[in-house]
Each structure stands twice: as structure tokens, then as C-alpha cells.
Amino acid sequence: MGNNTLATRIVILTDTYDQVNGVSRTYKSIEALAPDRFIIIHPSLFKWIPMPFYSESQLCIQPWKVWNSLKKIQPCQLHLATEGVLGWVGKAYCKFNGIPYTSAYHSKFPDLLYQLLFMPKCITRFALKLFHGKSTVVLVPTESVRNELLSEGYSSPMQVWTRGVDETLLSSNPNSQLRPSKLRLLSVGRISKEKNLEELCELSSDYEITIVGDGPHLYNLKSTYPQVNFLGYRFGKDLAELYKSHDVFVFTSRNDTFGIVLIEALANGLPVAAHDVTGPKDIIINGFNGILGESIRESVEMAALLNRDQIQSQARSTWSWMEALRIMEMTLKQNYSEVANARNRLG
């Protein structure tokens, strides 16, 4: 039997942790609230190479060492955060040892890989269904994602898992309801092809546009749209003040399952203009804290008229990392007896 202290903690296997994205933000936030409850295993603990076609992500090239790490810990609870190398090693470990596991669905890989590599969606969907098929519970970010997975034939139980906003990202400055002569639009996130940022940049002759983030599509956008202000990454209070100092947050992606940057914007009183798709439609109350529609331009104009104080108040009372932690621990606790029985059978 492994170290009892380690064995009683929840082991999370994730293929993204040191990157700037919603998945790593989620697990770092959960870990910060309860560091004694979790062990997070990620690629930086092993040898890795940049992911082909997605160089910001890490590809672990020592799966056997991941297995050995699990063997040493002998966890009583395992959570598979991502469907990459570490996730598949964890799944194999659980199958070999008869240990139930939970998993999480964070990304629409069928859509993303089709856009990036023209990989047929049926192949990726099959792989994802296989990955999550034996999960005792699949944590999903929104109700619409849950419904999509059900329509695709997922049979494992699913639990909607909320997200929160870090306190360092909350500005204390007052909201301004004064409309400037030229609206200031903000976008935050990975700058890549699938984010559809051209749709925003094409409005640069009529609006002041700022884009925060980095990614493989940055050079193309900077050279094509010189009027757009590209800031690179911003964090903490710097990012909070950017949310506060703009008039509308624009979210052009059609492939996200949630969008933590959406609730960060709302928590700073910044209304959202987005498409009526998974992610935004689960967060935005149309006409209250944002506008959903096909035309980003029309949505921007209407969103700029919304009450920023009401938006901020509602968001800060709704989105909570403590609630996200509660849901995760509740879900894992419900499966604990099954896990414990499996460990007892192993002796």
C-alpha cells in the first residue's frame, strides 16, 4: 500500500497546467482553495515536447513515468481532466487496477481538430466517447454541453460544474455609463484560428479594439489589422482594469464550451457581445448582461446600452470558485464508497 497521506488525496491528471487557458485556470483555482485535497500530475513533471500543430501545449513523452507515479501514490480517487497522454494513462491505470474514475469534458476537440487539421469529426467523437465511456461521472461546464453529449450518445452520468472569478481580477473602480464617441471593444484569450477573431478585427475602422493574449494566429492578425491594439498577455489587476476601462467585451468563438473570460468581464461590469452558441448562451442573459446574435456589430451597439452596475452585481453573486470546489468534492464523495470497495478488493 502506498503512502496513506498521498493515497487519501484526489489525484488529478491533466495535460495542460502551465499554459494560459480555461482548463489550467480551473484546476489551479480549485487547488488553491484546497491544496491538501489534491495532487495534480501534469506534463511539466516529466519530459515533454511542444504539441505538433499546437505548440503552446505540452505533449508528455514519458507515459511510463506517469504510470509509475500513480503506482507510487496508489490513489483512492482519480480524476481525468483532459483527453491527452496523461488522461489515457490514467484511464489505463484505472482499468488495470479496477479503480473507478471521474472525468471532465472541457473542449470541443471534434470541431477544433477539424478546423486545424481537417480531421473527420467522427474519429474524434469516437475517441472522446471511448475515453469518457467508463467514467463514473463526467463533469461538464454547462447544461448545453451536457445536452450535446447526450445527443451524441454519451451514457455516463454527467454533472454540471460551474466556474468562478479570481479576486485579483476584480476591479474596485466604479463603472462608467458614459458612452464615448468611439466604443472601446475588448477581447481576451488565445489568438488562434478557431477563435474567429477576424470577425472582431474587421470592425477596427469603427471601434477602438484591444486584444489581450497570444497564440499562433497573432502575427497574421497584427499584419492584417494594424489599427487593432494587441497587448499580449495581461494578468491580475492589469487585466481587471482593462475589463473595467472598455465598453463591450466581444467573444467571437463558436467552439468554446464555457469561456471563463466571459464571467471575468461580467464581474467587472463589462457587457458581452457574442454568438448564440454553447458557452455564451449558458452565461449571457440576453438583454441583461449581454447580447447574443449573428451580427457582432449589432450586438456591440446594443450591449453598450446595458446597465454595468447591475451586470457586475449579478455576476459577482453568481460565479464562485468555492461553489466549483463544492461541486467537485460532492461529486467525488458520491463515488468514494465505490472507489474504497475497489481498493479493498485489491488488498
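Remember, predicted model here, so these are calculated numbers, not experimental data. (Residues numbered from 1 in each chain as written. Predicted model: local features only at pLDDT ≥ 70, side-chain atom pairs only at ≥ 80, totals over all residues. Heavy atoms only, no water.)

Thoughts on the overall build of the protein chain
Across its full length, the protein chain holds 16 helices and 14 strands. Taking 20 Å as the expected radius of gyration for a compact globule of 347 residues, we find that the protein chain reaches 21 Å, a close match to that expectation. The C-alpha extent of the protein chain, read off along each of the three principal axes, is 70 × 40 × 35 Å. Counting only residues that meet the buried cut, the protein chain has 53% of its 347 residues in that class. Partitioning the contacts of the protein chain with sequence separation of at least 6, the portion at a separation of at least 24 is 66%. As presented, the protein chain carries roughly 15700 Å² of accessible surface, and 55% of it is formed by carbon and sulfur atoms. (Helix = DSSP H or I, 4+ residues; strand = E, 2+ residues; numbered from the N terminus. Rg over C-alpha atoms; globule rule 2.2 N^0.38 Å. Buried < 20%, exposed > 50% of the residue type's maximum accessible area, 1.4 Å probe, protein only. Contact = heavy atoms within 4.5 Å. Areas by Shrake-Rupley, 256 points an atom, 1.4 Å probe, with all protein chains shown as cover.)

Points about the environment of lysine 134
Looking at where lysine 134 falls in the secondary structure, it is placed in the loop between helix H6 (121-132) and strand E7 (138-140). For lysine 134, a relative accessible area of 67% corresponds to the exposed category. For the pair formed by lysine 134 and serine 155, sequence separation is 21 residues and the distance between their alpha carbons is 8.9 Å. Beyond its immediate chain neighbours, meaning those up to four positions away, lysine 134 contacts Lys91, Tyr101 and Ser156.

What to know about the sheet that holds strand E1 (residues 10-13)
The six strands are arranged E2-E1-E5-E6-E7-E8 in an open sheet whose pairing can be described as parallel. Two strands lie at the open edges of the sheet, namely strand E2 (38-41) and strand E8 (158-160), each paired on one side alone. Neighbour to neighbour, the strand axes of the sheet diverge by 25° on average, direction disregarded. Relative to E2, E1 is paired through four bridges, and the arrangement is parallel. By the bridge assignment, valine 11 is partnered in E2 with isoleucine 39. Running at roughly 150° to E2, helix H2 (residues 22-33) makes contact with E1, E2, strand E5 (77-80) and strand E6 (102-104) of the sheet. Most of the contacts of helix H15 (residues 321-334) go to E8, to which it runs at about 160°, and overall it touches E1, E2, E5, E6, E7 and E8. (Pairing = 2+ DSSP bridges. Axes fitted to C-alpha atoms, helices over the stretch in contact; angles between N-to-C directions.)

Thoughts on the pairing of strand E9 (residues 184-188)
Of all the five residues making up E9, four are buried; the element is thus mostly covered by neighbouring parts of the structure. Alignment of E9 against strand E10 (residues 208-212), held across five bridges, turns out to be parallel. Paired with leucine 186 across the two strands is threonine 210, which belongs to E10. Pairing geometry for E9 and strand E12 (residues 248-251), over two bridges, is parallel. Residue leucine 186 lies in a different strand from E12, and its bridge partner there is phenylalanine 249.

Overview of the packing of aromatic side chains
Applying the stated criterion to the full structure yields nine aromatic pairs. Taking 5.3 Å as the distance between ring centres and 75° as the angle between the ring planes, the aromatic pair formed by tryptophan 67 and tyrosine 93 counts as edge-to-face. On the criterion of sequence distance, the pair formed by tryptophan 67 in helix H3 (residues 63-73) and tyrosine 93 in helix H4 (residues 85-97) is long-range, its members being 26 residues apart. Since its relative accessible area comes to 26%, tryptophan 67 is described here as partly exposed. Tyrosine 93 sits in the buried class, given a relative accessible area of 5%. Plain terms: the ring middles of tyrosine 114 and phenylalanine 118 are 6.2 Å apart, the flat faces sit at 80° to each other, and that makes the pair edge-to-face. Among the residues examined, tyrosine 114 registers a relative accessible area of 41% and is labelled partly exposed. Overall, phenylalanine 118 belongs to the exposed group, its relative accessible area being 60%. An aromatic cluster is present here, built from Trp67, Tyr93 and Phe96 joined pairwise through their rings. Taking the ring centre of tryptophan 161 as reference, the NZ or CZ of arginine 163 above it sits at 4.6 Å. The ring of phenylalanine 258 is capped by arginine 163, whose NZ or CZ atom sits 5.8 Å from the centre of that ring. (Phe/Tyr/Trp six-rings, centres within 6.5 Å; stacked < 30°, edge-to-face > 60°. Lys NZ or Arg CZ within 6 Å of the ring centre and 35° of its normal.)

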